[in-house]
Each structure stands twice: as structure tokens, then as C-alpha cells.
Amino acid sequence: MGVLTQNMPHRDDGPTRLVRPVPAAPIQQSSADPLAVLPAKVRQFVERAVTLCQPDRVHVCDGSEAENAALLRQMQAVGMIEPLPKYDNCWLARTDPADVARVESKTFIVTEQKREAVPIPGKGVRGTLGNWMSPEDLEEAVADRFPGCMRGRTLYVVPFSMGPVGSPLSKIGIELTDSPYVVASMRIMTRMGGKVLETLGDGDFVKCLHSVGLPEPVTGPSGIRWPCNPAKTLIAHVPERREILSFGSGYGGNSLLGKKCFALRIGSTIARREGWLAEHMLILGITNPAGHKRYIAAAFPSACGKTNLAMLQPSLPGYKVECVGDDIAWMRFDKNGVLRAINPENGFFGVAPGTSSTTNPVAMATVASNTIFTNVARTADGGVYWEGLEKEVDTSAGVTDWQGRPWTPGSGAPSAHPNSRFCAPAGQCPIIDPQWESAEGVPISAILFGGRRPEGVPLVYEAFNWEHGVLLGAAMRSEATAAAEHKGKVIMHDPFAMRPFFGYNFGHYLSHWLSMEQRGQRLPKIFHINWFRKSPSGQFLWPGFGENVRVLDWVLRRVEGEPCARRSAVGWLPAEGALRLDGLPQRPDLEQLFSLPGDFWRREVEEVGRYLADQVGDDLPNQVAHQLDELRQRVAELE
Ligand code: O2Y
Ligand code: MN
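Quick summary incoming for the structure in this document. (Residues numbered from 1 in each chain as written. Chains lettered and ligands numbered in written order. Predicted model: local features only at pLDDT ≥ 70, side-chain atom pairs only at ≥ 80, totals over all residues. Heavy atoms only, no water.)

Brief notes about the sheet that holds strand S3 (residues 91-93)
Stated precisely, the cut-off is as follows: Two strands pair under a simple rule: DSSP has to find at least two bridges between them. What counts as a helix is a DSSP run of H or I of at least four residues, what counts as a strand is a run of E of at least two, and both are numbered from the N terminus. Axis definition: a line fitted to C-alpha atoms, over the contacting stretch in the case of helices. Angles run 0 to 180 degrees between N-to-C directions. Only heavy atoms matter for contacts: two residues are in contact if any of them lie within 4.5 Å across the pair.
Ordered by their spatial adjacency, five strands build an open sheet running S2-S3-S19-S24-S18, and the pairing between neighbours is mixed. Taken across any chain shown, the strands that pair with only one partner, and hence form the sheet edges, are strand S2 (81-83) and strand S18 (347-351). Put simply, the sheet's adjacent strands are angled 20 degrees from each other on average, direction ignored. Taken strand by strand, helix H2 (residues 65-77) contacts S2 and S3, and its axis lies near 110 degrees from that of S2.

Thoughts on the coordination of the manganese ion (ligand 2)
Rule in force here: Each metal's donors are the N, O and S atoms within 2.8 Å of it, or within 3.2 Å when it is Na, K or Ca, and because water is not part of the set, sites may look incomplete. The rule is simple: take the accessible area with a 1.4 Å probe, protein chains only, and divide by the maximum for that residue type; under 20% is buried, over 50% is exposed, in between is partly exposed.
Around the manganese ion (ligand 2), the protein contributes the donor atoms Lys260 (NZ), His280 (NE2) and Asp327 (OD), at 2.1 to 2.2 Å from the metal centre. Look at where the donors of the manganese ion (ligand 2) fall in the sequence and you get K-x19-H-x46-D. Linking histidine 280 in the loop between strand S12 (277-279) and strand S13 (282-287) with aspartate 327 in the loop between strand S15 (320-325) and strand S16 (329-333), this pair joins segments that are 47 residues apart in sequence. In this pair, the class of histidine 280 matches that of aspartate 327, namely buried.

Here's the deal with the sheet that holds strand S20 (residues 377-379)
Read from one edge of the open sheet, four strands run S21-S20-S22-S23, paired in antiparallel fashion. Looking at which strands have only one partner, the edges of the open sheet turn out to be strand S21 (384-385) and strand S23 (406-407). For strand S22 (residues 399-400) and S23, the ladder comprises two bridges, and the chain directions are antiparallel. Across the sheet, threonine 400 pairs through a bridge with proline 406, a residue of S23.

A look at a negative patch on the surface
Definition in use: Patch membership requires over 30% relative accessible area and the absence of a salt bridge. Like charges are linked within 9 Å, and nonpolar side chains (Val, Leu, Ile, Met, Phe, Trp, Tyr) within 5 Å. Areas reported here follow the Shrake-Rupley algorithm with a probe of radius 1.4 Å; residue values treat only the protein chains shown as occluding. One speaks of a salt bridge when a side-chain nitrogen belonging to Lys or Arg is within 4 Å of a carboxyl oxygen belonging to Asp or Glu. For this count, His and the chain ends are skipped, Lys and Arg are scored as positive, and Asp and Glu as negative. Here the site of a charge means atom NZ of a Lys, CZ of an Arg, CG of an Asp or CD of a Glu.
Residues Glu112, Glu116, Glu136, Asp137, Glu139, Glu140 and Glu240 make up a contiguous surface patch of negative charge. Looking at which element gives the most residues to the negative patch, the answer is helix H4 (residues 135-145), with four residues. Along the polypeptide, glutamate 240 turns up in the loop between strand S10 (234-238) and strand S11 (243-247). Residue glutamate 240 is classed as exposed on the basis of its relative accessible area of 68%.

Digging into the packing of helix H15 (residues 598-616) against helix H16 (residues 622-636)
Here is the rule: In these notes the angle categories are as follows: under 35 degrees is roughly parallel, over 145 is roughly antiparallel, 65 to 115 is roughly perpendicular, and the rest is oblique. In this scheme, a crossing is called left-handed if the near helix is turned counterclockwise away from the far one by less than a right angle; it is called right-handed if the turn is clockwise.
Axis separation between H15 and H16 bottoms out at 9 Å; the angle between their running directions is 160 degrees. Put simply, H15 runs roughly antiparallel to H16. The interaxial crossing formed by H15 with H16 has left-handed handedness. Each of Trp601, Arg602, Val605, Glu606, Val608, Gly609 and Leu612 in H15 lies in contact with H16, whose residues at this interface are Val624, Leu628, Leu631, Arg632, Val635 and Ala636.

So, unusual backbone geometry
With omega at 0 degrees, the peptide bond leading from glutamate 216 into proline 217 counts as cis. Tracing the sequence through the fold places proline 217 in the loop between strand S9 (206-211) and S10. Even without a glycine there, the phi angle at phenylalanine 545 is positive, about 45 degrees. In this structure, phenylalanine 545 sits in the loop between strand S29 (525-529) and helix H13 (549-559).

Quick word on the environment of phenylalanine 600
Structurally, the position occupied by phenylalanine 600 is in helix H15. Spatially, the C-alpha atoms of phenylalanine 600 and leucine 638 are 9.7 Å apart, while their sequence positions differ by 38 residues. Beyond its immediate sequence surroundings of up to four residues, phenylalanine 600 is in contact with Arg453, Glu455, Gly456 and Val457.

Examining the side chain of aspartate 619
Within the secondary structure, aspartate 619 sits in the loop between H15 and H16. By relative accessible area, which is 11% here, aspartate 619 ends up buried. With sequence-adjacent residues up to four places away left out, aspartate 619 is seen in contact with Arg115, Pro119, Ile120, Asn505, Gly507 and His508.

Side note on the site of ligand 1
We count it as follows: We define proximity as follows: a residue is near a molecule or strand when any one of its heavy atoms falls within 4 Å of that partner. Each polar contact in these results corresponds to two N or O atoms within 3.5 Å; when the atoms are within protein, one needs to be able to donate a hydrogen and the other to accept it, and residues that are neighboring in sequence are counted only if both atoms are side-chain atoms. Any residue that is not Ala, Val, Leu, Ile, Met, Phe, Trp, Tyr, Cys, Pro, Asp, Glu, Lys or Arg is counted as polar, Gly included; the first ten are nonpolar and the last four charged.
Close to ligand 1 lie 13 residues, the nearest being Arg102, Gly253, Lys259, Lys260 and Asn419. Contact distances for ligand 1 include 3.0 Å between an oxygen atom and a side-chain N or O atom of arginine 102. For ligand 1, a nitrogen atom lies 3.3 Å from a polar atom in the side chain of aspartate 327. Within the complex, the protein chains bury 91% of what would otherwise be the 360 Å² of accessible surface of ligand 1. Every element with two or more residues in the shell around ligand 1 is listed here: helix H7 (252-255) and helix H8 (258-274). Partitioned by chemical class, the residues of the shell around ligand 1 number four nonpolar, four polar and five charged.

Let's talk about the pattern of salt bridges
In the structure shown here, the tally under the stated rule is 39 salt bridges. The partner of arginine 153 in a salt bridge is glutamate 216, with the nearest N and O atoms 3.6 Å apart. Placement of the pair is arginine 153 in the loop between H4 and strand S6 (154-162) and glutamate 216 in the loop between S9 and S10, with a sequence separation of 63 residues. Here arginine 153 falls in the buried class, since its relative accessible area comes to 6%. Note that arginine 632 and glutamate 606 form a salt bridge whose closest N and O atoms lie 3.0 Å from each other. Taken together, the residues span a long stretch of sequence, with arginine 632 in helix H16 and glutamate 606 in helix H15 at a distance of 26 residues. Judged by its relative accessible area of 28%, arginine 632 is partly exposed.

Structural data, given as C-alpha cells:
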């Protein structure tokens, strides 16, 4: 055991070391045996990882300010982050250009049977609902990557809680990582440290092992400040053992294992077993002018403005929106049959480009202190810069781009990486909901599914019932930039906005959603939203942003049972005059916003039907197929 608590014997660093080594004793542990504070099961997990990964040092994180400050100083010393003196305790990290986003193609669900993890696609069809790996292949992949991968590095033990510490809806994880950037980010994104260990006691936890995959001494091009190993990147999830193994990437969703890996992939498998839902949804509280408050959960694929909606500044007088979370919701029916949600996270890991005082002033206020920025540009006076801030940041003294090179406006290339991020504490959000850390969760009255649909899809419509609502989730599609070059924009399927995040077979996931109907006494109403419909000349038909509260106003009135709707082929639409338009500088063309072109909808139904048949095949629940048949019949009548 002693070997884990002291520096390992020194090896020859060799002449090729190009990254300055981490100082030998970066952080003071108060005890001679830091592992003594660990519950037995955690200790066992750490010991196994140490045997496998052979770090030089082990540090058990207590989550304290002092520990965090020491880590930040240490990262600064090796050039991994730099301070942003324009703000209070803000930092900039620049990653390796080969490590800038989640890597879906290298993300796997590991189960005995392939069908537990992914549906079997139709003949000749490539499945796009997740990647499966066998336990044997995982074993081989681990043996190829992890032995000795932390040599020369410190293994940090990061105890974290997804959800408020001690809430019956929360779950605990232990992430072992050799990245101090991950530790500092996990401290923002989760509740992290000693209190979690106390709460865990002898209990079970999700085991998360992460390595940047580059033992020291590092060889390679000089100036490497962001160790990673893109050629060997692997993010594997073993639901049966509640384990996550991540190798080779230090970036966001690949390495902050509480987020997508735990809260969604492993989370969805736990939720299925325990009878609840782990979803890619924001949660917001909304108070109407009469002072009546409701909570709404909403699932949108990336690039649809989820964070912006979670922090909406309503244009209608008397309305107030408060934010519970911007990315993930864990939802469970309570003993009264009310769906209650918690945000399992403690921070926002938001996309920087496009965020500004115009699009999201609340986010801008949130990131003004205690924030780690990654891959944004930097102004000469120590501030941040990215595309979208042209009108509010003075760049005349000079800008350094996300790769550390001088940048000038109009140079063609973006200053910040398009997937550059801010990592900021949720508690700093000026409109954080007073109940955001409520142990029992907030009651959900409505669920919104949405997408970026330039054509054919109305601004808002309501499902006829729960089963129909499940079809709305399954049929979600959104405009995205095609992965293939020269293809431009394409409408991609993204069921429940969960396509990259299912922890098990999507067909079984649909059955699980359908089964929720039996658990609820007061089921939330389900809606589909599309802020992005365009006119034939390419203009947005809806003003968006703060004006979106007008749609939420209609949603809330439907929740209260107001008969302000008319039946249509696709669902309930706002009745004539029901959508509040008072005070809008320009009256939107409601005819176009709510039209249901027959040809479009018949094509849409066929496309969704083909997708579900190809991708989900025999695992598609009958109820969903039936709902699609009914929709097909209804849209057959459209002009
Ligand atoms: O690219 C990454 O690693 C970040 S992915 C991400 C981060 C925050 C919220 N959502 C997402 C996502 O991909 O949905
Ligand atoms: Mn997300």
C-alpha cells in the first residue's frame, strides 16, 4: 500500500522529455497514507488502478479551495492553462488540435450480447444508434492501453456526486484521472470532494477510470502542453459493472466522466433498472404574470440553443424564467405520481461561440468569474473572445486565437474553435432557480422535444397523449452540418436528442418511456417545438430568443387545461388568436409558421418510418409503430 502514498522511485527521464514534469509533490496530503480516508471499496478500486496504470503519485481530492488553487498553479507552471486577468479566477486552456470534441466513433457500450447495447439494423444498413464492444474486446483494448499509462504522472482520486449530495435521486461516482484539468473541471461540473466520500460510506459507486494516455516523459513536437493520445482514444461503458474507461482524450465529454458517460449512458441503464429517466434535457422554472410557477424539461439536439432557452430572458412583461439545468435531467415519478427532476450537474459546460450579451446575457454574467475556458481566443488585455462577440469586445489591441497564434478579424479562420467551451459553476448563474438543489427534485409539468427544422414543422404542437409524445421524441430530427465535406446542411435523426448518449438498445429505451405512463398520476404534457422554420426566401419566421416565452405561455395554458388549441393531423396547434403576439415589433406570418404542407408531411412520415425500421427493426415497440401508422393516415388527408 505504501507505494501509493509516496513518490515512486525515480526513473530516468531520458533526453527526449519536452514537457516539464509535474512537480514531485504538487499538493500536500495531510495524512501519511492518503488512501486511509477511502471507504474499503473505493480503496480497492484505487489500488487496482494503481497496479494497472502505475502512476508515480496518488492524490485523493478533498475538493477544497486550497487544493484547487494548488492544481491551477501547477497547471499554469507547466503551461497547460493561463490566467485571464481581466476576470476573477478565470483560466484559459488550449488543447491539442486533435483533441477538441467528443469522439462518437470511439465511444462504446460493452455488453455480453450486442442487442443489449444497440438495436440490430436492417440488412445492409449501418447502425447509428451507438457502438457495441464485447467484454473480450474491451479486455484486449484495456491491455493494449492502460498498463503503465500513468507513469510519471499523478493519479487523482475524484469522489463526485451527480445531484445534490445526499439526495435520494443522486448517485455517486469515483473518477480516477491523471489530468489535473479534469480534476479542476470536475470540481465545477459536479459536487466533488470529501463530503461525497462521507455520504458514500460503504455504498456502491460508478467506477470511472480516465487517462490522457501519454505516460511521461512525453516525446513529440516541442511545445506539447495538452497530453493526449488521439490514435488510441477509447471511451468504454460497462453498464453491468457500472464502469467507465476512458483513454487518450482530455477533452470535455470524453474525460469529464460525470457528464455524458455517467449521467446519460450509464445513467440511462440505471434509470431503466430502477424505473426512472436519465435524459438529455434542460430544466427551467417559469413563473407567469399571476405568480404561478411551473417547471419544464426540454430535449434539443446540439446547436438548437438549449443553454439559451434554459436562461431565457422573457420579453412578455410579468414572466420570469429561472434555470435548474441546461443539459441533463434525471426524472422520477414520486409516490404521488408526480414526475420530479433534478439536474445532476453542478456547472455549465457551454459552447462559447455564439454566446453574447444579445443571445444570452445570463450566460455572459455566469462566466465572468471562476470559469475555465477551453479553446477560446484571448484578447491582449487578458479577456476572452470568440465569434459572436464582435460588437461587444474591443479587439484593437490584438487577439490570440485558440491555437495561440495572432489573429485578426476578417482573416477567414475563426478565432475560437467552434466547439470551444466555458466551464462555469451553476450557482453563479444570476437566474439560478431557488429549488435547483432541492433533494426531491422539481415537479415537471411539460416536456418539450424540438429541433432545427427550416421546413414544414410548425412552431409548436402538442402530442395527443403520452404514446403519441413518445413518437414525437423518437421522430426528432434537426438540421446539422454534414460530417462529409461539401454536403452542407442535412436534416439528421436524433431521437430524444439522445442518439450519441443511449446506454442501451434504443428500442428498449422506447419501451421504457412507454412504461412510464403507468407510473404517472399527473403525466406531463408533451410538445414539439421548432424556433427555426424559414420562409421560402430563407428568412426565419419566428423572432426567437426572449420572444420564445410566447410559446411557453401557450404551453403553460395548455398545462392548466385551457381549451386554446385546435386539433390537426400532427397534434394540437394553438387556436386562432391563442398565441400571444402583443408587443411584437413585427407580426409573424402565422399562416406559414403553422402550415402543414401535405407533401412535406407524407415524406416526413415515410422517412421516419424508414429510419425506425432500418435502425430499430424488431426492437421497435408496437405502440410506436401504431402511432406512426395513425400519423400516416392523418397526414394522407393533408393538402
Ligand atoms: O465536445 C464535448 O466534449 C462536449 S459535448 C457537450 C458538452 C456540454 C453539453 N452538451 C454536450 C453535447 O454534446 O450534447
Ligand atoms: Mn448536451
